[in-house]
Amino acid sequence: MATVAEPRRAARPEIRQTQLFIDGQWTPARSGKTFETINPATEEVIAQVAEGDAADVEAAVLAARKAFDDGPWPRMDARERGRIMMRLADLIEAEIDELAALEALDNGKPVSDARLGDIPLAISVLRYYAGWADKIQGQTIPINGNFFCYTRKEPVGVAGQIIPWNFPILMVSWKWGPALAAGCTIVMKPAEQTPLTCLRLARLAQEAGVPDGVINVVPGFGPTAGAAIVKHPGIDKVAFTGSGETAQVIMRQAADQLKRLTFELGGKSPNIVFADADLDAAAAGAHVGIYLNQGQCCCAGSRLFVEDKIHGEFVERVVADSKARRVGDPFDPATQQGPQVDRAQYDKIMGYIEAGQKEGATLATGGGRVGEKGFFIEPTVFTNVADEMAIAREEIFGPVLSVLKFSDMDELIRRANATNFGLAAAVWTRDVAKAHQTAKRLRAGTVWVNCYDVFDAAAPFGGFKQSGFGRELGEKGLDPYLEHKTVTVSLD
Ligand code: ADP
């Protein structure tokens, strides 16, 4: 049984920003409405947050439009833009403890995960893109005839950015980093479950010197505030991270204006362990791959393919590690797993656990709730999973692992690729040729070999198939925020 860690609570963070941030001002929603954000570890209300809707989005777009069309941000010395972004990264670093606590309070993730994982990477992403600000350059092209032809890369304009609740601070950095470096202005909607850290970051951006109107934050719900961003003609591009179903709605709504879109969506990533792997490392990788962030990762290694020769032995390790995982108070530094983000996610995951049992998979460990308050779920492992079961096909977004057995390489690749998703995959083997062959044959945007969840600001991330399109991070991540202009000059 997973145990609930004894609470040794760190100080509760102060909640300072709960209003909309538009044109450098904190304002209530025009409707006067607010919504509750809760602490998923206790189910208690943390704060009332201003609930933006279409009228507020209108004001935010006007501000972002003005900042883009007439303001200093796209026009300033690009190196100065980079310097302001660096300052934002520094301010985040200076407040890392408080931000980690706020993230843990709003999202439920262990404070140590936010402190050592999410926020350092967010800082790194902002610094990385700050470095790009003065390195966005075109080409000269030797075309036929007496012409001078060159290209320019220009900011796409006002970016609408809609983010999910699983990595709130990190998602802000993935979205703001490339947009700011390119010279775009922003209307962001954080997820309704986790608005607090995004608002705090808006305050820090202002303190860093980001001019008014460049970053606007409108907390609220998807069908109102989110849809208003997607439909607004003043928004040039929408970057969305979330579910495939919502992406389909957004794509339809954006079609009228042929709005530029990038999507980072779900996954059902295969994590493949060959018999010749370092099994200690692979077991640790299987554990992190599924359980990181309470399993609420789009790239979670939720289908663990284990070669038949080692299946029994390997499953034993995975189950033992799952039982030893420390589930409990996110504010205890020893906690490895906090609660799921909200009741809806908790219910959805429990539904999948029930479906797995009904469909005949073996519940090797877990499957239950931890404690009586908060949305805690035991680390859960299913064995004897068949490919067609819901738990092997659909994204659960929780701490639920499906173990599948394989024996033949071609069969493995076919099964691993037999999914509409294609976000990530991992391979564990000591055979270098096998590792590269497998990496080549897997239809996924990221393949990890003998590691899992290794992210870097410089390495592009994104999906094949229905896991999305466009890439974030790296040089590729800048592209969606740039228009490429070709200028041809007659030399006659
Ligand atoms: P999840 O199931 O992980 O909550 P969603 O795709 O529902 O994923 O949510 C991701 C983000 O998209 C959130 O900020 C949410 O408010 C927003 N969203 C939901 N529905 C819409 C919509 N129709 N238009 C725009 N944004 C939306």
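Just so it is clear, the model here is predicted, and its values are computed rather than measured.

## A short note on helix 1 (residues 54–69)
The α-helix winds at 3.6 residues per turn, so residues separated by three or four positions along the chain end up facing the same way.
Thought 1: Taking 1.5 Å per residue as the helical rise, helix 1 with its 16 residues ought to reach 22 Å, and the 22 Å between its terminal C-alpha atoms agrees with that figure.
Thought 2: Listing the buried residues of helix 1 in full gives D56, V57, A59, A60, V61, A63, A64, A67 and F68.
Thought 3: Buried residues belonging to helix 1 abut strand 2 (20–22), strand 7 (147–155), strand 8 (158–162), strand 9 (185–189), strand 10 (215–217) and helix 7 (222–231).

## Describing the side chain of D342
Thought 1: Inspection of the secondary structure assignment puts D342 in the loop between strand 15 (326–328) and helix 11 (343–358).
Thought 2: Among buried Asp, Glu, Lys and Arg side chains, D342 stands out as unpaired, with R343 the closest opposite charge at 8.2 Å.
Thought 3: From its side chain, D342 meets the backbone nitrogen of A344 in a polar contact 3.3 Å long.
Thought 4: Among residues more than four places away in sequence, those in contact with D342 are Q193 and F375.

## Remarks on the packing of aromatic side chains
Thought 1: Scanning the model with the defined rule gives 14 aromatic pairs in all.
Thought 2: Centre to centre, the rings of W448 and Y452 are 4.8 Å apart; their planes meet at 45°, and the pair counts as tilted.
Thought 3: Looking at Y452, the relative accessible area reads 8%, which means it is buried.
Thought 4: One aromatic cluster in this structure is built from W174, W448, Y452, F455 and F461.

## Some points on unusual backbone geometry
Thought 1: One non-glycine residue, D453, adopts positive backbone phi at about 55°.
Thought 2: Along the chain, D453 falls in the loop between strand 20 (446–449) and strand 21 (468–469).
Thought 3: One non-glycine residue with positive phi stands out, namely L473, at about 70°.
Thought 4: The exposure class assigned to L473 is buried, which follows from its relative accessible area of 2%.

## Things to note about the site of the ligand
Thought 1: Around the ligand, 17 residues are found, and the nearest of them are I163, K189, E192, S243 and T246.
Thought 2: Here I163 contributes a backbone N or O atom positioned 2.8 Å from an oxygen atom of the ligand.
Thought 3: Protein chains bury 83% of the 550 Å² of accessible surface belonging to the ligand in isolation.
Thought 4: Of all the secondary-structure elements, those providing two or more residues to the shell around the ligand are helix 7, strand 11 (237–241) and helix 8 (244–255).
Thought 5: Residues belonging to the shell around the ligand are distributed by class as follows: nine nonpolar, six polar and two charged.

## What to know about the packing of helix 4 (residues 111–132) against helix 5 (residues 168–182)
Helix-helix packing is described using two parameters, namely the angle between the two axes and the distance between the axes.
Thought 1: One way to put it is that helix 4 packs onto helix 5 with a least axis distance of 8 Å and a crossing angle of 5°. Of the possible angle classes, the one that applies to helix 4 and helix 5 is roughly parallel. Across the interface between the two elements, D118, I119, L121, A122, V125, L126 and Y129 of helix 4 pack against I169, L170, S173, W174, G177, P178 and A181 of helix 5.

## Here we look at the pattern of salt bridges
Thought 1: Scanning all chains against the criterion turns up 30 salt bridges.
Thought 2: Across the pair E80 and R83 runs a salt bridge, and its minimum N-O distance is 2.9 Å. Here E80 and its partner R83 are both found in helix 2 (residues 78–94), three residues apart, which amounts to about one turn of the helix.
Thought 3: The partly exposed category is assigned to E80, whose relative accessible area is 27%.
Thought 4: Look at R83 and you get partly exposed, because its relative accessible area is 46%.
Thought 5: Each of E43, R343 and R369 takes part in a single network of salt bridges with overlapping partners.

## Thoughts on a nonpolar patch on the surface
Thought 1: Nonpolar side chains collect at one region of the surface, where I141, I143 and F147 lie side by side and expose about 220 Å² of accessible area between them.
Thought 2: By secondary structure assignment, the location of I141 is in strand 6 (residues 140–141).

## Some details on the environment of G157
Thought 1: The topology assignment puts G157 in the loop between strand 7 and strand 8.
Thought 2: Sequence separation between G157 and E483 is 326 residues, and the spatial gap between their C-alpha atoms is 8.9 Å.
Thought 3: Not counting residues up to four positions away in its chain, the partners in contact with G157 are F68, C184, T185 and D236.

## Brief notes about the nonpolar core
Thought 1: Counting 99 residues, the largest nonpolar core has I92, I119, W176, I215, V273, L304 and F314 as the members making the most contacts within it.
Thought 2: Setting aside anything within four residues of it in sequence, one finds F314 in contact with V273, L279, A282, A283, A286, L304 and V306.

## Remarks on the sheet that holds strand 16 (residues 362–365)
Thought 1: Pairing is mixed in the open sheet, where seven strands are placed in the order 16-17-18-14-13-19-20. The open sheet has two free edges, formed respectively by strand 16 and strand 20, since each of these has just one partner strand. For this sheet, the mean angle separating the axes of adjacent strands, direction not counted, is 25°.
Thought 2: Summarising the sheet, strand 13 (residues 270–273) and strand 14 (residues 303–307) pair through four bridges and their orientation is parallel. Bridging across to strand 14, N271 finds its partner in L304.
Thought 3: Each of strand 13, strand 14, strand 16, strand 17 (380–383) and strand 18 (400–406) touches helix 10 (residues 311–324); the most contacted strand, strand 14, lies at about 145° to it.

Criteria and cut-off values
- Residues numbered from 1 in each chain as written.
- Predicted model: local features only at pLDDT ≥ 70, side-chain atom pairs only at ≥ 80, totals over all residues.
- Heavy atoms only, no water.
- Helix = DSSP H or I, 4+ residues; strand = E, 2+ residues; numbered from the N terminus.
- Expected span 1.5 Å × (residues − 1).
- Buried < 20%, exposed > 50% of the residue type's maximum accessible area, 1.4 Å probe, protein only.
- Contact = heavy atoms within 4.5 Å.
- Lys, Arg positive; Asp, Glu negative; His and termini not counted.
- Salt bridge = Lys/Arg side-chain N within 4 Å of Asp/Glu carboxyl O.
- Polar contact = N/O pair within 3.5 Å; in protein donor to acceptor, adjacent residues only side chain to side chain.
- Phe/Tyr/Trp six-rings, centres within 6.5 Å; stacked < 30°, edge-to-face > 60°.
- Near = heavy atom within 4 Å.
- Areas by Shrake-Rupley, 256 points an atom, 1.4 Å probe, with all protein chains shown as cover.
- Nonpolar A, V, L, I, M, F, W, Y, C, P; charged D, E, K, R; others polar.
- Axes fitted to C-alpha atoms, helices over the stretch in contact; angles between N-to-C directions.
- Parallel < 35°, antiparallel > 145°, perpendicular 65-115°, else oblique.
- Patch = residues over 30% accessible without salt bridge, like charges linked within 9 Å, V, L, I, M, F, W, Y side chains within 5 Å.
- Core = buried A, V, L, I, M, F, W, Y, C linked by side-chain atoms within 4.5 Å.
- Pairing = 2+ DSSP bridges.

What is shown is where atoms sit, not what they do.
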